[in-house]
Amino acid sequence: RFSVSANPTNGGTVAGGGTFNHGQSCTVTATANNGYTFTNWTENGNVVSTNASYNFTVTANRTLVAHFTQQNYTVNVSANPADGGTVSGGGTFNYGQSCSVSATPATGYTFLRWTENGTQISTNPSYTFNVTGNRTLVAQFQLQGFAITVSANPADGGTVSGGGSYNYGQDCTVSATANEGYSFINWTENGNEVSTNPSYTFNVRGDRTLVANFERQSFEVKASLDPADAGYVTGEGTYYYGDEVTLTVVCNEDFAFLNWTEDGEVVSEDPIYVFNITRTRNLVAHFMNTEGI
């Protein structure tokens, strides 16, 4: 008679033990459970076979032990792209052991999914599973995208460019060009000044809403009299670009209006001089003395 057993007991099943006649042929069989592999048969600590199916001729009582070895598996984890974040939890595990892998995005990146051989297996950055084989897991990360919005204030004050979608860490340059009659003042965000340069460059770290502020240009209109006691002029003052200006001459007694000049050049011979302002004006109203004529 002989007996058979498994070591460890949950490593597998054995068959073939029992009572046999002297000289009878006997076959014992060892079948590994999931997560185990058959190692050998031993008797009194000595290896008698490395074959899971062991055949021999019975000549005496025997006590045979089937040895099984628990299977180990490797779980590899990596990040794509490599600078997109960090991963942890990989290593060597026994069959059926629980494994948790974790993915932490780097600044400027977001976690997308875990993939294996290009197939999505989880969208949770912390993924837990029971190990049943070797695995190669890749944490997929993506650069964060941000919106840069630009506008002009007032809308007809000028044009702006450079807004759009940008990745985290990308350089962005926004530009402001004043329309005729306007001057650029500054760029503001949430009412706070961020630049006084019409071309403003910055590194994108998040969504931004930038406003290019413009102001309407203003000009002085001044008038003098030649001679000074010849009368007076109305209409002097400060005007915005494009405004209509009306200068009117009122002559004193014994004087007659001749013309308007600027920088020595005659610009009008009408005592009521109307023009649209585009620059500072310094005008001289000329008179003729009519006393005794």
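A quick note: this is a predicted structure, and the numbers were derived from the prediction, not measured.

## Focus on the environment of phenylalanine 56
Inference 1: Structurally, phenylalanine 56 can be placed in strand E6 (residues 53-57).
Inference 2: On the basis of relative accessible area, phenylalanine 56 is assigned to the buried category, the value being 7%.
Inference 3: Along the chain, phenylalanine 56 and threonine 27 lie 29 residues apart, while their C-alpha atoms are 6.5 Å from each other.
Inference 4: Phenylalanine 56 has contacts with Phe2, Gln24, Ser25, Cys26, Val28, Arg62 and Leu64, leaving out every residue within four places of it along the chain.

## Quick word on the pairing of strand E4 (residues 36-43)
Inference 1: The buried fraction of E4 amounts to six of the eight residues, a majority that puts the element mostly inside the structure.
Inference 2: Here six bridges tie E4 to strand E7 (residues 62-70), and the two strands are oriented antiparallel to one another. Note on E7: the bridge partner recorded for threonine 37 is threonine 69.
Inference 3: Pairing of E4 with strand E5 (residues 46-49), which is carried by three bridges, proceeds in the antiparallel orientation. The residue of E5 that forms the bridge with tryptophan 41 is serine 49.
Inference 4: What sits between the antiparallel neighbours E4 and E5 is a turn of two residues, in which asparagine 44 has the positive phi angle 55°.

## A look at the pattern of salt bridges
Once the charged atoms of two side chains with opposite charge are near each other, the side chains can pair.
Inference 1: According to the stated counting rule, one finds six salt bridges in the structure shown.
Inference 2: For glutamate 43, the salt bridge identified is with arginine 62, shortest N-O distance 2.7 Å. With a gap of 19 residues between them, glutamate 43 in strand E4 and arginine 62 in strand E7 connect regions that are remote in the sequence.
Inference 3: The partner of glutamate 262 in a salt bridge is arginine 281, with the nearest N and O atoms 2.8 Å apart. Of this pair, glutamate 262 sits in strand E28 (residues 255-262) while arginine 281 sits in strand E31 (residues 281-289), and the two are 19 residues apart along the sequence.
Inference 4: Residue classification places glutamate 262 among the buried positions, given a relative accessible area of 9%.

## Remarks on the sheet that holds strand E14 (residues 126-130)
Inference 1: Read from one edge to the other, the open sheet built from three strands follows the order E9-E11-E14, with strand pairing classed as antiparallel. In this open sheet, the two strands that pair with only one neighbour each are strand E9 (85-88) and E14. Going across the sheet, the axis of each strand differs from the next one's by a mean of 15°, ignoring polarity.

## Considering the packing of aromatic side chains
What describes a pair of aromatic rings is the distance from one ring centre to the other and the angle between the planes of the rings.
Inference 1: The full count for this structure, using the stated rule, is 16 aromatic pairs.
Inference 2: Through pairs of rings, three or more aromatic residues link up here, namely Phe257, Trp260, Tyr273, Phe275 and Phe287.
Inference 3: Sitting over the face of the ring of phenylalanine 129, arginine 135 holds its NZ or CZ atom 4.5 Å from the ring centroid.

## Here we look at the nonpolar core
Inference 1: Leu247, Trp260 and Phe275 are the most contacted members of the largest nonpolar core, which has 19 residues in total.
Inference 2: Contacts of leucine 247, omitting those with residues within four sequence positions, involve Val221, Val233, Thr234, Gly235, Glu236, Trp260, Pro271, Ile272, Tyr273, Phe275 and Leu283.

Cut-off values and rules
Residues numbered from 1 in each chain as written. Predicted model: local features only at pLDDT ≥ 70, side-chain atom pairs only at ≥ 80, totals over all residues. Heavy atoms only, no water. Helix = DSSP H or I, 4+ residues; strand = E, 2+ residues; numbered from the N terminus. Buried < 20%, exposed > 50% of the residue type's maximum accessible area, 1.4 Å probe, protein only. Contact = heavy atoms within 4.5 Å. Pairing = 2+ DSSP bridges. Salt bridge = Lys/Arg side-chain N within 4 Å of Asp/Glu carboxyl O. Axes fitted to C-alpha atoms, helices over the stretch in contact; angles between N-to-C directions. Phe/Tyr/Trp six-rings, centres within 6.5 Å; stacked < 30°, edge-to-face > 60°. Lys NZ or Arg CZ within 6 Å of the ring centre and 35° of its normal. Core = buried A, V, L, I, M, F, W, Y, C linked by side-chain atoms within 4.5 Å.

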